[in-house]
Structure formats: C-alpha cells, structure tokens
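Here's the letter readout for the chains.
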Amino acid sequence: MFILNNSIKILAVADDIVIPIDSVEDEVFSQKMMGDGYAIQPQSGEIYSPIDGIITTLFPTKHAIGIKNKKGLEMK
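Quantities reported herein were computed from a predicted structural model and do not represent experimental measurements.

Draft legend 1. Seen up close, the pairing of strand E5 (residues 54-58). Across four bridges, the pairing between E5 and strand E6 (residues 65-68) is antiparallel. Note on E6: the bridge partner recorded for Thr 57 is Gly 66. Between the antiparallel neighbours E5 and E6 lie six residues, among them Lys 62 with a positive phi of about 60°.

Draft legend 2. Up close: the pattern of salt bridges. In the structure shown here, the tally under the stated rule is one salt bridge. Between Lys 32 and Asp 36 there is a salt bridge, and its shortest N-O distance comes to 3.5 Å. In this structure Asp 36 comes out as exposed when scored by relative accessible area, which is 64%.

Draft legend 3. A look at the side chain of Asn 69. In this structure, Asn 69 sits in the loop between E6 and strand E7 (74-75). One polar contact links the side chain of Asn 69 to the main-chain amide nitrogen of Lys 71, over a distance of 3.0 Å. A polar contact of 2.9 Å, which involves the side chain of Asn 69, links it to the backbone nitrogen of Leu 73. Apart from the residues within four sequence positions on either side, Asn 69 is in contact with Ile 8, Ile 51, Asp 52 and Gly 53.

Draft legend 4. Representation of the sheet that holds E5 in the model. In space, the three strands of this open sheet follow the order E5-E6-E7, with antiparallel pairing throughout. Both outer strands of the open sheet, E5 and E7, are each paired with one neighbouring strand and no more. Note: E6 against E7, two bridges, orientation antiparallel. By the bridge assignment, Ile 67 is partnered in E7 with Met 75.

Draft legend 5. View of unusual backbone geometry. Even without glycine at this site, Lys 32 takes up a positive phi of about 60°. Summarising the element assignment, Lys 32 is placed in the loop between helix H1 (27-30) and strand E4 (38-42). Judged by its relative accessible area of 39%, Lys 32 falls in the partly exposed class.

Cut-off values and rules
Residues numbered from 1 in each chain as written. Predicted model: local features only at pLDDT ≥ 70, side-chain atom pairs only at ≥ 80, totals over all residues. Heavy atoms only, no water. Pairing = 2+ DSSP bridges. Helix = DSSP H or I, 4+ residues; strand = E, 2+ residues; numbered from the N terminus. Salt bridge = Lys/Arg side-chain N within 4 Å of Asp/Glu carboxyl O. Buried < 20%, exposed > 50% of the residue type's maximum accessible area, 1.4 Å probe, protein only. Polar contact = N/O pair within 3.5 Å; in protein donor to acceptor, adjacent residues only side chain to side chain. Contact = heavy atoms within 4.5 Å.

Here's what the structure looks like:
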C-alpha cells in the first residue's frame with residue numbers, strides 16, 4: 001500500500017510479479033512506443049482497483065481502465 005499526501009491510499013492491483021516493460025512480447029509496449037512503464041503477471045488471476053472510485057474510462061479491449069476517486073485523483 002502507498003499513501004499519497006497522507007490521505008489517499010493506493011493499493012496493489014494484484015498478487016503479482018512485476019515485469020520490466022522491455023521484456024513484454026508486444027512490440028508496441030516493449031519498445032516503449034506508448035511510453036515507459038511496467039507489466040504485471042497476476043498470480044491468482046484476480047485484478048483489483050488500486051483506489052476507491054468510479055470507472056471513468058473503459059477501453060473496448062479492456063486493456064486499460066480509468067478510475068477517479070472522490071478527491072479527484074485519476075488513475076489510468
């Protein structure tokens with residue numbers, strides 16, 4: 001758990017293994033065409049929201065979700 005500004009809790013999204021972005025098989029991500037980042041390989045098959053909020057964006061492929069909390073913090 002990470003606490004931002006002493007008030008916003010950001011939780012882990014999965015019981016997982018973090019993989020360097022340049023190790024991902026998809027060339028768009030591994031070559032950082034979408035920017036820097038990391039990949040997550042879930043161990044249990046379950047993914048959780050990192051914050052308490054509402055879904056504001058849901059891509060048709062479900063590869064990305066935008067969430068906004070009551071204080072206005074947005075995570076994508």
